[in-house]
Amino acid sequence: MDIFSDPAYAMATEQFRIVADYLQIDENLRQRTLYPKRAIAVTLPVRLDNGRIEVFNGYRVQHHLAMGPTKGGTRFHPSVTLGEVTALAIWMSWKCALTGLPYGGAKGGVAVDPGTLSARELEALSRRYMQEMIPFVGPHTDIMGPDMGTNEQVMAWFMDTWSVHQGYASPEIVTGKPVSVGGTAGRREATGRGVIYLVERALNFMKMQPDRCTAIVQGFGNVGAVTALGLAYKSGVKITGISDVTGAYYRADGIDMHKVEAHIKTHGSLAGFTEAQSIPPEDLLTMPCDILVPAAVEAVITEHNAGKLRCRILAEGANGPTTPAADRILNERWNEIFVIPDILCNAGGVVVSYFEWVQGLQQFFWNESEITDRLFRILEQTFSAVVKRAKSEGIPHRLAAMAIGVERVMAAKKTRGLFP
Ligand code: NAD
């Protein structure tokens, strides 16, 4: 569909075609399963601190409504387009179905660099975005959460804007909120914790010792930082490469993560970090390591570098980091590189968001160890199901994970029937 035209949408479409061919899905059902149910585009005028009014484009896409409300994050990033948001919503659908959550996928976003806004401007943009979405979202319709460029504070502004409109506090409208306004313990760390759990599971599967391994992590935001610090401090993995949007750093004998934390605290980003060698960002992913974690943007592993990856485990913290053309190369390298596909690898975030939503609806809160236990149980079941299916059918992990997700969505659609 032309209105969704975007490289990320092309990736999501091609991945779906591959799984649809594999599952021999009737042509008649393919469009119904792939195209989003609703796609909303809004215009967001915001008064800047200098008095000028700037207009931003915002989107929300709800992929399918067959299994419950839709669920998905909100991205504030300059490259956000309707097509990218649609791809992210589609991936959310397969992810929720794969992990057994009662949701369809959704995603939203605003084309903006939040780093260029003052706190007041960011609040105005966040509130205006939620205001425009009020007719289309709700705790039983579509629940928002954080993604790249948004955080707990933005979620609190979303929740407050929605609640003011309703006339009562409604924490269950968003997940990823601060605990002080009904957020759940462990949500901020959930995605990274999930990545670490699955990396350790893969290491165990491959009979590798974490404390003898090295890791490279691309992106040092919510997912990347929690993953890198947890791998270093808890698992004993040596972190040899890190990066963020300002640059990439490598040190073969290991980067002192305490120094990284101190640098970020003082400077707000990795820019100017001197305790490791600054390298061209495009070289980071092909440096030798045991564990490679892309945790930033889409399409960073392509047909140009997939053959050059020198890792044993590719743990996809980001959504859509690997293009279908790169997948074809990685499929041939299946006995060299164990891929933990994105819809499994970063599912910890939406699983704990689901816990947050359930707690909000019931106004009954669990403690962090209950949450982490339940998270790990779901990830364990899902990891085992994906590995088992891949092995029994001799297919790549991504195809196995997507097949499970797509089959569940299709079964729900089939059972409910087509109205009218
Ligand atoms: P974030 O905004 O907290 O951090 C993003 C990080 O990536 C920042 O360090 C930024 O500097 C860096 N970055 C941006 N562009 C880059 C580039 N071109 N090269 C290298 N680094 C770059 O975002 P996040 O929440 O950590 O999300 C990262 C990825 O994980 C996204 O793909 C997102 O969709 C996915 N994800 C996030 C969650 C979550 O709970 N936050 C859950 C599932 C998946």
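Right, let's walk through the structure included here.

Thresholds, definitions, all that
- Residues numbered from 1 in each chain as written.
- Predicted model: local features only at pLDDT ≥ 70, side-chain atom pairs only at ≥ 80, totals over all residues.
- Heavy atoms only, no water.
- Helix = DSSP H or I, 4+ residues; strand = E, 2+ residues; numbered from the N terminus.
- Salt bridge = Lys/Arg side-chain N within 4 Å of Asp/Glu carboxyl O.
- Buried < 20%, exposed > 50% of the residue type's maximum accessible area, 1.4 Å probe, protein only.
- Pairing = 2+ DSSP bridges.
- Axes fitted to C-alpha atoms, helices over the stretch in contact; angles between N-to-C directions.
- Expected span 1.5 Å × (residues − 1).
- Contact = heavy atoms within 4.5 Å.
- 1 Å grid on protein atoms, 1.4 Å probe; cavity = no way out; pocket = protein on both sides within 12 Å on 5 of 7 lines; lining within 4 Å.
- Points joined across faces, edges and corners; volume = space filled by probe spheres on them.
- Phe/Tyr/Trp six-rings, centres within 6.5 Å; stacked < 30°, edge-to-face > 60°.
- Core = buried A, V, L, I, M, F, W, Y, C linked by side-chain atoms within 4.5 Å.
- Polar contact = N/O pair within 3.5 Å; in protein donor to acceptor, adjacent residues only side chain to side chain.

Some words on unusual backbone geometry
Consideration 1: Here the amide bond leading from F419 into P420 is cis, since omega sits at 5 degrees, within 30 degrees of zero.
Consideration 2: Within the element layout of this structure, P420 appears in the segment after α14 (397–416).
Consideration 3: Positioned with a positive phi, K207 is a non-glycine residue whose angle comes to about 55 degrees.
Consideration 4: Note that K207 resides in the loop between α6 (187–205) and β6 (214–218).
Consideration 5: Despite not being glycine, A299 shows a phi value in the positive range, around 55 degrees.
Consideration 6: Structurally, A299 can be placed in the loop between β10 (291–294) and β11 (313–315).

Some remarks on the pattern of salt bridges
Consideration 1: Following the criterion strictly, the structure yields 27 salt bridges and no others.
Consideration 2: A salt bridge links D49 to R120; the nearest nitrogen and oxygen atoms lie 2.9 Å apart. Placement of D49 in the loop between β1 (38–47) and β2 (53–62) and of R120 in helix α4 (residues 119–133) is noted, with a sequence separation of 71 residues between them.
Consideration 3: For D49, a relative accessible area of 48% gives the class partly exposed.
Consideration 4: Looking at R120, the relative accessible area reads 42%, which means it is partly exposed.
Consideration 5: With a shortest N-O distance of 2.8 Å, E316 and R398 are connected by a salt bridge. Of the two residues, E316 is situated in the loop between β11 and α10 (324–332) and R398 in helix α14; the sequence distance between them amounts to 82 residues.
Consideration 6: On the basis of relative accessible area, E316 is assigned to the buried category, the value being 0%.
Consideration 7: Three or more residues joined by partner-sharing salt bridges are found here, namely E14, R17, D21, E27, R30 and R328.

What to know about the sheet that holds strand β5 (residues 142–146)
Consideration 1: Spatial strand order, β1-β2-β4-β3-β5: 5 strands in an open sheet with mixed pairing. Because the sheet does not close on itself, it has two edges, and the strands there are β1 and β5. The average angle at which neighbouring strand axes cross in this sheet is 20 degrees, direction not considered.
Consideration 2: Taken together, the 10 bridges between β1 and β2 define a ladder with antiparallel strand orientation. Bridging from a neighbouring strand, L44 pairs with F56 of β2.

Section: helix α12 (residues 348–362)
Consideration 1: Look at α12: 21 Å from first C-alpha to last across 15 residues, which is about the 21 Å you get at 1.5 Å a residue.
Consideration 2: With respect to burial, α12 is a largely interior element, 12 of its 15 residues being buried.
Consideration 3: Regarding α12, the residues found buried are G348, G349, V350, V351, V352, S353, F355, E356, W357, V358, Q359 and G360.
Consideration 4: Buried residues in α12 make contact with β3 (70–77), α3 (82–98), β5, α6 and α13 (368–393).
Consideration 5: Directly beyond the C-terminal end of α12, a positive phi value near 50 degrees is found at Q363.

Quick word on the layout of surface pockets
Consideration 1: Taken as a whole, the second largest pocket spans an internal volume of roughly 490 Å³.
Consideration 2: W334, I337, I395, P396 and H397 are the residues nearest the centre of the second largest pocket, which is lined by 19 residues in total.
Consideration 3: Sorting the residues of the lining of the second largest pocket by element identifies α10, β12 (338–340), α13 and α14 as the ones contributing at least two each.

A few points about the sheet that holds strand β8 (residues 247–250)
Consideration 1: In spatial order, the strands read β9-β8-β7-β6-β10-β11-β12; together these 7 strands make up an open sheet with mixed pairing. Looking at strand neighbours, the two that pair on one side only are β9 (277–279) and β12, the edges of this open sheet. Strand-to-strand twist of the sheet, defined as the mean angle between neighbouring strand axes without regard to direction, takes the value 20 degrees.
Consideration 2: Across 3 bridges, β11 lies against β12 in parallel orientation. Following the sheet pairing, L314 is matched in β12 by V339.

Focus on the packing of aromatic side chains
Consideration 1: According to the stated counting rule, one finds 13 aromatic pairs in the structure shown.
Consideration 2: Taking the centre distance of 4.6 Å and the plane angle of 20 degrees together, the rings of Y197 and F376 count as stacked. Of the two residues, Y197 is situated in helix α6 and F376 in helix α13; the sequence distance between them amounts to 179 residues.
Consideration 3: Accessibility expressed as a relative area gives 19% for Y197, which makes it buried.
Consideration 4: In this structure F376 comes out as partly exposed when scored by relative accessible area, which is 25%.

Details of the nonpolar core
Consideration 1: Grouped together as the largest cluster of nonpolar side chains are 94 residues, with contacts concentrated most on W91, W94, F220, I242, M257 and I340.
Consideration 2: With 12 residues, α3 is the largest single contributor of residues to this core.
Consideration 3: The residues touching I242, leaving out its near neighbours within four places in the chain, are V217, F220, G247, A248, Y249, I255, M257, V260, L270 and L284.

A word on the side chain of T184
Consideration 1: With respect to the helices and strands, T184 occurs in the loop between α5 (152–166) and α6.
Consideration 2: Look at T184 and you get buried, because its relative accessible area is 4%.
Consideration 3: In this structure the side chain of T184 is engaged in a polar contact, spanning 3.0 Å, whose partner is the side chain of Q359.
Consideration 4: Look past the residues within four positions of T184 in its chain and what remains in contact with it is V179, V352, E356, Q359 and I371.

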